[in-house]
Amino acid sequence: MTAVSQTAAPTRSPTADDVVPMVSIRGVGKSFGTNEVLRDIDLTVNKSEVVCLIGPSGSGKSTLLRCINFLEVYDRGEIRIEGTLVGYTEDTPRRRLSNRDLRSLRRNVGMVFQQFNLWPHMTALENVAEALVQVRGMDKASAAAHAGRMLDRVGLAAKADAYPARLSGGQQQRVAIARVIAMEPHLMLFDEPTSALDPELVGEVLQVMRDLAADGMTMVVVTHEMGFAANVADKVAFLDRGRIAAFGTPREVFHESAEPRVQQFLQTYHERNSF
Amino acid sequence: MKFSVILDALPYLLEAAVTTIWVSLLGVLLGQVIGVVVCVARQSGGRAADMAGGVYVSFFRGVPLLIQLLLIYYMLPLIGIDVPPLVASIAALGLASGAYVSEIYRGALNAVPHGQSEAALALGFPGRSIWTRILLPQAFRISVPALVNELILLLKASSLISVVGVAELTRTSQTISASNYRPLEIYLAAGVIYLAINGALALFGTLVERRLQQA
């Protein structure tokens, strides 16, 4: 392998692709009026890494996640995806990106929502195929074929013709994941993907996410599933009142962090989940 | 009561009813187009479009349809546009209906959860596809009952166009009863015909609703 790549591309230095992080967040801040919801956030996500954002409600996890694909506008600092500034031009003073440029950026970033947000007037298959037609310009037949393969990947080939209302929450969320992976994103954002699910349905969604992680997908996951964070995440960021209060490997954050707020949060979590 | 006069007049009344139906349908179609355009323009076309739409809606909702009809019929010739009664009638019905329909769609759009368009936005959908593929189809489903209501109201309102001389059901009833001096029988027959048409429309609406609910 080494020899091949050296002869095939002798001038290629190991910079560009290897060093530019998938997501780079530097000094990001955001306010709603006088309320500072994000303060001076720094976070790097490398290729194929799984980073979990945890913390109490209202700590800014979801807001931070939504800033990454600019569904939420950040006011200060910069977010880069594969080196490209998110939401703004590179000029100073910076201007907001046009919708067209924003669209081309979002094509590489998939997002999975807490409420699934499947389109109720389309079948599972149509939900997955729609973006392939509207965004990637595929013809309907090949979009449907591709969508079918994606549903198969999340174990739902049999439900292709079912409307969302006929699917369980776990199945709906898996369709929503299929809808995203069909677009072959470089990065996937998960906004509390299991929080709206009945407990017995959480496992099937987490399993699909584990498979994605094992396939090398880069993922940023806002979650209350500490087990998932501990077992699957490469890095965990603990947010509190708009700041990253602790960051590191799951082991560092869960077991070695001296940060009292982390300890308090984990203690509350354990109390609530034991009986 | 002499029911034989109804039988004698029936062919003319039914012919007039056909005019009522197609004038109303054209009015509804025009109203749908105007309604959707005004609604989308007000939501996504900036402040000027919103204000223009607001003025349009408050005028056509606030002025009686009969006055609108007479204004269109008598005013346009003053600026050199000669409009046949039929065209003026369809335009008036469509413009008035469009104002109501745009508000029906506005209400329906508010009922579509924000996450619906957000999911499309996050996937990189162009704004136009979000409207045509995600928002409007759902808004339409939600507003079917209100739209059927509007359709029925408009069909009844079409009786007003009798004043500019269009030979629809009401006008024809007037003409017939003025010649046979049997207004009670003739208007009774006209009322039953209106009722039958609207009954069919309501049934059609129920079928559409049921069909969409299966999805």
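It should be emphasised that the depicted structure is a prediction, and the values quoted were computed from it without experimental measurement. (Residues numbered from 1 in each chain as written. Chains lettered and ligands numbered in written order. Predicted model: local features only at pLDDT ≥ 70, side-chain atom pairs only at ≥ 80, totals over all residues. Heavy atoms only, no water.)

## Examining the overall build of chain A
Definition in use: Elements are defined by DSSP. Helices are runs of H or I of four residues or more, strands are runs of E of two residues or more, and each kind is numbered from the N terminus. Burial here depends on accessible area, computed with a 1.4 Å probe over protein chains only, as a share of the maximum for the residue type. Under 20% is buried, over 50% is exposed, and the range in between is partly exposed. Methods summary: accessible areas were calculated by the Shrake-Rupley approach with a probe of 1.4 Å, and residue burial reflects only the protein chains presented. In this tally, Asp and Glu contribute negative charge and Lys and Arg positive charge; neither His nor the terminal groups of the chain are included. Charge positions are represented by NZ for Lys, CZ for Arg, CG for Asp and CD for Glu.
Regarding its fold elements, chain A presents 11 helices and 10 strands. Its C-alpha atoms give chain A principal-axis dimensions of roughly 60 × 55 × 50 Å. Counting across all 275 residues of chain A, residues that qualify as buried make up 52%. On chain A, roughly 13100 Å² of surface is accessible, and the fraction owed to carbon and sulfur atoms is 48%. If you average the places of the 31 positive and of the 33 negative side-chain charges in chain A, the two averages end up 4 Å apart.

## Considering the UniProt feature "domain: ABC transmembrane type-1" (unreviewed entry) in chain B
Just so we agree on the cut-off: UniProt positions are given in the numbering used here, feature names are shortened, and annotations may be inferred rather than shown by experiment.
Residues annotated by UniProt as "domain: ABC transmembrane type-1" (unreviewed entry) correspond here to residues 17-205 of chain B. Between the end C-alpha atoms of residues 17-205 of chain B there is a gap of 20 Å, over a span that is 86% helix and 0% strand.

## Examining helix α1 (residues 3-44) of chain B
All names here are of chain B. For the record, the criterion: Helix span is expected to be 1.5 Å times the residue number reduced by one. Bend is computed residue by residue as the angle between axes fitted to the seven residues ending at the residue and the seven residues starting at it.
Here α1 spans 57 Å end to end across 42 residues, near enough to the 62 Å set by a 1.5 Å rise per residue. Of all the bends in α1, the greatest, near 50 degrees, is centred on A9, and the proline P11 appears no more than four residues after it. Immediately downstream of α1, the backbone of G46 shows phi near 90 degrees, a positive value.

## Things to note about unusual backbone geometry
All names here are of chain A. That bond from T92 to P93 is cis: its omega, -10 degrees, falls within 30 degrees of zero. Examined against the element boundaries, P93 turns out to sit in the loop between β5 (84-85) and α4 (99-106). In this structure, E184 is a non-glycine residue whose phi angle is positive, near 50 degrees. As for its placement among the helices and strands, E184 is situated in the loop between α7 (169-181) and β7 (187-191). Residue E184 is classed as partly exposed on the basis of its relative accessible area of 49%.

## Side note on a nonpolar patch on the surface
Residues and elements named next belong to chain B. Cut-off, in case you're wondering: Think of a patch as exposed residues, more than 30% relative accessible area, with no salt bridge, where like charges cluster within 9 Å and nonpolar side chains (Val, Leu, Ile, Met, Phe, Trp, Tyr) cluster within 5 Å. In the sections that follow, a salt bridge refers to a side-chain nitrogen of Lys or Arg positioned within 4 Å of a carboxyl oxygen of Asp or Glu.
On the surface, F59, I67, L71, M75, L78, I79 and I81 cluster together to form a nonpolar patch covering roughly 690 Å² of accessible area. In terms of residue count, the dominant contributor to the nonpolar patch is helix α3 (residues 65-78) (4 residues). By the secondary structure assignment, M75 is in helix α3. Owing to a relative accessible area of 48%, M75 belongs among the partly exposed residues under this scheme.

## A few points about the UniProt feature "transmembrane region" (unreviewed entry) in chain B
The UniProt record annotates "transmembrane region" (unreviewed entry) at residues 20-41, 53-74, 86-105, 146-166 and 186-208 of chain B. Along residues 186-208 of chain B the backbone is 100% helical and 0% strand, and the end-to-end C-alpha distance reaches 33 Å.

## Side note on the packing of helix α5 (residues 124-134) of chain A against helix α6 (residues 140-153) of chain A
Residues and elements named next belong to chain A. Where we set the bar: Every angle, taken between N-to-C directions, lies between 0 and 180 degrees, and every axis is a line fitted to C-alpha atoms, over only the stretch in contact when it is a helix. Working rule for angles: under 35 degrees goes down as roughly parallel, over 145 as roughly antiparallel, 65 to 115 as roughly perpendicular, anything else as oblique. Crossing handedness: left-handed means the near helix sits turned counterclockwise from the far one by under a right angle, and right-handed means the same turn made clockwise. Contacts are assigned to residue pairs with any non-hydrogen atoms lying within 4.5 Å of each other. For this classification, Asp, Glu, Lys and Arg are treated as charged, while Ala, Val, Leu, Ile, Met, Phe, Trp, Tyr, Cys and Pro are nonpolar and the rest, including Gly, are polar.
Running from N to C, α5 and α6 cross one another at 125 degrees; their axes reach a closest spacing of 8 Å. With respect to their mutual orientation, α5 and α6 come out oblique. Crossing geometry of α5 relative to α6 is assigned as right-handed. In this structure, α5 uses A124, L125, V128, A129, L132 and V133 to contact α6, whose residues at the interface are K140, A143, A144, H146, A147, G148, M150 and L151. Here the contact of α5 with α6 is built from residues that sort into 11 nonpolar, 2 polar and 1 charged.

## What to know about the sheet that holds strand β3 (residues 50-54) of chain A
Residue and element names in this part refer to chain A. Formally: The criterion for strand pairing is that DSSP finds at least two bridges linking the strands in question.
Pairing in this open sheet of 6 strands is mixed, and the strands run β6-β7-β8-β3-β9-β10 from one edge to the other. The sheet terminates laterally at β6 (109-112) and β10 (243-248), the two strands that pair on one side only. Adjacent strand axes in the sheet meet at a mean angle of 15 degrees when their direction is disregarded. As paired strands, β3 and strand β8 (residues 218-222) are joined by 4 bridges and run parallel to one another. From the neighbouring strand, L53 faces β8, where its bridge partner is V222. Of the strands in this sheet, β3, β9 (235-240) and β10 are in contact with helix α11 (residues 260-272), which crosses β9 at around 95 degrees.

## Remarks on the packing of aromatic side chains
Residue and element names in this part refer to chain B. Let me state the cut-off plainly: Two aromatic rings, drawn from Phe, Tyr or Trp (for Trp, its six-membered ring), form a pair once their centres lie within 6.5 Å of each other, and the interplanar angle then sorts them: stacked below 30 degrees, edge-to-face above 60, tilted otherwise.
Taken as a whole and judged by the stated rule, the model has 8 aromatic pairs over all chains. A ring pair is formed by Y56 and F60, whose centres lie 5.1 Å apart and whose planes are at 45 degrees; its orientation type is tilted. Linking Y56 with F60, this pair stays in helix α2 (residues 46-62), spanning 4 residues, or about one helical turn. Given a relative accessible area of 14%, Y56 falls into the buried group. Accessibility expressed as a relative area gives 14% for F60, which makes it buried. With a centroid separation of 4.9 Å and 80 degrees between ring planes, the pair formed by F59 and F60 is classed as edge-to-face.

## Digging into the pattern of salt bridges
This model, assessed by the stated rule, comprises 21 salt bridges over all chains. When the shortest N-O distance is used, the salt bridge between E72 of chain A and R66 of chain A registers 3.1 Å. Residue classification places E72 of chain A among the buried residues on the basis of a relative accessible area of 17%. Of the charged contacts, one joins E103 of chain B and R106 of chain B as a salt bridge, the two residues approaching to 2.9 Å between their closest N and O atoms. With E103 of chain B and R106 of chain B both in helix α4 (residues 85-111), this residue pair falls 3 residues apart, about one helical turn. Look at R106 of chain B and you get partly exposed, because its relative accessible area is 36%. Put simply, R42, D50, R61, E103 and R106 of chain B are held in one network by salt bridges that share partners.

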